[in-house]
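Now for the letters of each chain:
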Amino acid sequence: MDPVFDISIIISSYNRKDKVLLTVEQLFKSNLEGFNIVELIVIDDGSPSPVEKALENMGPVPVKIEFRLITQKNAGIGATRNRGFREAKAPVVIFLDDDILLEPGTIRELYNALQEGPGPVLFGNYPFISHSSGSLHHFARQLYGYDSITRERSFEKVDAITSGLLAVNKEQLKGVTNFYKDDLTVPAAEEYEIIARFHRMQVPIYKARHISALHNHHLEIRWLVQQQYKYGQGTAEAFVKYPEIKELDKFSEMKKRLDAQGRSLLKGAVASGFGRKLLFLYVRLTEKLLKNKKRNFILGILTTAYFWAGYKDGLKRFLVK
């Protein structure tokens with residue numbers, strides 16, 4: 001007789017051998033009192049350095065966790081997370097990035113929020129574990145919404161979603177057999193499509209402002225702009241492959257702004273390879289001198305330039321296919 005699972009936790013991993021072991025070991029410290037069995041599925045999306053090797057030093061699996069490692073050829077973030085959703089045997093599914101460190105009570109908080117909360121889809125917060133400067137920390141608080149985190153139980157209905165700490169009640173999502181779209185490969189693309197699709201389906205998405213974990217990453221400027229460039233590419237992929245997402249005002253306005261940037265000579269110059277390099281060097285040179293001063297304006301220009309450059313290159317990449 002198959003065991004009855006309370007929760008399925010899905011960790012998709014690609015080339016993060018320095019992070020995924022810590023994520024799993026921290027998860028093993030979770031307080032699972034009151035649960036029957038928790039299913040933990042780690043999916044290796046064709047990593048050059050196999051996740052199995054990274055987990056060789058993993059400690060003993062707790063009694064209440066049934067662990068499974070799935071290895072596949074590289075398929076991209078959408079297909080990997082979607083496979084986890086299909087494989088999950090429990091009615092409650094938690095998607096967890098491979099560099100997220102849970103608090104002992106996070107799993108219980110997510111489970112309770114789905115059982116007692118306002119809807120079948122919600123996500124939590126995961127601020128960075130450290131920052132290269134105070135000014136970058138100030139900017140991250142604005143960019144990622146750190147200031148909205150609260151200790152009081154609070155749900156905010158949003159036209160947004162983040163998959164790093166995401167909880168879903170499959171039983172309440174009737175007819176949804178595939179949570180993500182398999183053909184979306186660049187981070188952010190799969191989330192944009194979900195936001196628009198659930199809006200059409202009238203499935204609300206909530207941010208649980210009181211639920212947090214830690215993003216096991218030291219935030220510094222080079223990584224931040226690389227991520228913004230990647231998110232720009234993901235935005236282009238979503239618009240090209242699923243143009244209907246523009247039916248949501250949020251994405252319609254976003255596309256108008258991005259297209260308008262392409263017609264601006266000044267913004268085009270800033271977002272060019274040479275312009276981005278100069279701006280990046282300026283921000284890096286002044287970071288130490290002004291490391292504890294708020295510099296949200298210049299950091300906003302820098303990240304916007306990289307996002308738009310990624311968007312422009314993403315259009316070239318996906319429109320030709």
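Starting from 1, residues in each chain are numbered consecutively following that chain's sequence as written. Since the coordinates come from a predicted model, pLDDT governs what is reported: local features require at least 70, and pairs of side-chain atoms require 80 or more to be given and counted, while whole-chain, interface and lining totals use all residues. Side-chain figures throughout are based on the complete set of non-hydrogen atoms in the structure, without hydrogens or water.

Help me understand the overall build of the chain in this model?
Helix and strand definitions follow DSSP, with helices as H or I runs of at least four residues and strands as E runs of at least two, each counted in order from the N terminus. Looking only at helices and strands, the chain features 11 helices and 11 strands. Radius of gyration: over C-alpha atoms. The globule rule applied is 2.2 Å multiplied by the number of residues raised to the 0.38 power. A compact globule built from 321 residues should have a C-alpha radius of gyration of about 20 Å, and the chain, at 20 Å, falls within 12% of that. Across its three principal axes, the chain shows a C-alpha extent of roughly 65 × 45 × 40 Å. Residues counted as buried form 52% of the 321 residues belonging to the chain. By sequence separation, contacts in the chain at least 24 residues apart represent 84% of the contacts at least 6 residues apart. Per-residue and other accessible areas were derived by the Shrake-Rupley procedure at a 1.4 Å probe size, with only the shown protein chains allowed to occlude residues. Total accessible area on the chain is roughly 15,500 Å²; 52% of this is exposed by carbon and sulfur atoms. Each residue is assigned to one of three classes by its accessible area relative to the maximum for its type, calculated with a 1.4 Å probe on protein chains only: buried under 20%, partly exposed between the two thresholds, exposed over 50%. Any two residues having at least one pair of non-hydrogen atoms within 4.5 Å are treated as being in contact.

I tried to follow the pattern of salt bridges on my own but got confused; where do I start?
Side-chain pairs of opposite charge can arise where the charged atoms are in close proximity. Any Lys or Arg side-chain nitrogen found within 4 Å of a carboxyl oxygen on Asp or Glu counts as a salt bridge. Following the criterion strictly, the structure yields 12 salt bridges and no others. Between E87 and R83 there is a salt bridge; the shortest N-O distance is 3.5 Å. Residue E87 and its partner R83 are located together in helix 3 (residues 77-87), separated by four residues, close to a single helical turn. Given a relative accessible area of 26%, R83 falls into the partly exposed group. When the shortest N-O distance is used, the salt bridge between R153 and E116 registers 3.9 Å. Of this pair, R153 sits in the loop between helix 5 (134-144) and strand 8 (155-157) while E116 sits in helix 4 (residues 106-116); the two residues are 37 residues apart in sequence, bridging distant segments of the chain.

What is the right way to read the packing of helix 5 against helix 7 (residues 221-241) from this model?
Each pair of packed helices can be described by the angle between their axes along with the distance between the axes. Helix axes are fitted only over the stretch in contact, all axes being lines through C-alpha atoms; the angle between N-to-C directions runs from 0 to 180 degrees. Relative orientation of the contacting elements helix 5 and helix 7 amounts to 25 degrees, with a least axis distance of 12 Å. With respect to helix 7, the element helix 5 is oriented roughly parallel. As for how helix 5 packs across helix 7, the hand of that crossing is left-handed. Contacts from L136, F139, L143 and Y144 in helix 5 reach I221, W223, L224 and Q228 in helix 7. Our angle categories are set so that under 35 degrees counts as roughly parallel, over 145 as roughly antiparallel, 65 to 115 as roughly perpendicular, and the remainder as oblique. Each crossing gets its hand from how the near helix is turned against the far one by less than a right angle, where anticlockwise is left-handed and clockwise is right-handed.

Which parts of the structure should I look at to understand the sheet that holds strand 3 (residues 65-72)?
Each strand in a sheet pairs with another by means of backbone hydrogen bonds, the pair being arranged parallel or else antiparallel. If DSSP finds at least two bridges between two strands, the strands pair. Strand order in this open sheet of eight strands is 3-2-1-4-9-6-10-8, and the pairing throughout is mixed. Edge positions in the sheet fall to strand 3 and strand 8, since each has one partner strand and no second. Direction aside, neighbouring strands of the sheet carry axes that sit 25 degrees apart on average. Relative to strand 9 (residues 165-169), strand 4 (residues 92-97) runs antiparallel, the two sharing five bridges. Note on strand 9: the bridge partner recorded for V92 is N169. Packed on one face of the sheet, helix 3 meets strand 1 (5-13), strand 2 (37-45), strand 3, strand 4 and strand 9 and runs near 155 degrees to strand 2. The sheet strands contacting helix 4 are strand 1, strand 4, strand 6 (121-125), strand 8, strand 9 and strand 10 (206-212), and the helix crosses strand 9 at an angle near 40 degrees.

Sorry if this is basic, but what is going on with the packing of aromatic side chains here?
Note on aromatic pairs: each is described by the distance of the centres and the angle between the planes. Aromatic pairing here means that ring centres of Phe, Tyr or Trp (its six-membered ring) are within 6.5 Å. Orientation follows from the plane angle: under 30 degrees is stacked, over 60 is edge-to-face, and everything else is tilted. In this structure the tally under the stated criterion is 12 aromatic pairs. On the numbers, 5.2 Å between centres and 85 degrees between planes, the contact of F95 with Y180 is edge-to-face. Placement of the pair is F95 in strand 4 and Y180 in the loop between strand 9 and helix 6 (189-201), with a sequence separation of 85 residues. With centroids separated by 6.3 Å and ring planes inclined at 85 degrees, the aromatic side chains of F239 and Y311 adopt a geometry described as edge-to-face. A residue pair is termed long-range when its members are at least 10 positions apart, and F239 in helix 7 and Y311 in helix 11 (residues 296-319) qualify at 72 residues. For the pair F239 and Y311, a shared accessibility class is recorded, and that class is buried. Three or more aromatic residues joined by ring pairs make a cluster, and in this case those are F85, F95, F179, Y180 and F198. Over the ring of F85 we find K170, and its NZ or CZ is 4.8 Å from the ring centre. Seen from the ring of Y306, R276 lies directly overhead, with NZ or CZ sitting 5.0 Å from the centre. Whether a charge sits over a ring depends on NZ of Lys or CZ of Arg being within 6 Å of the ring centre and within 35 degrees of the ring normal.

What is shown is where atoms sit, not what they do.
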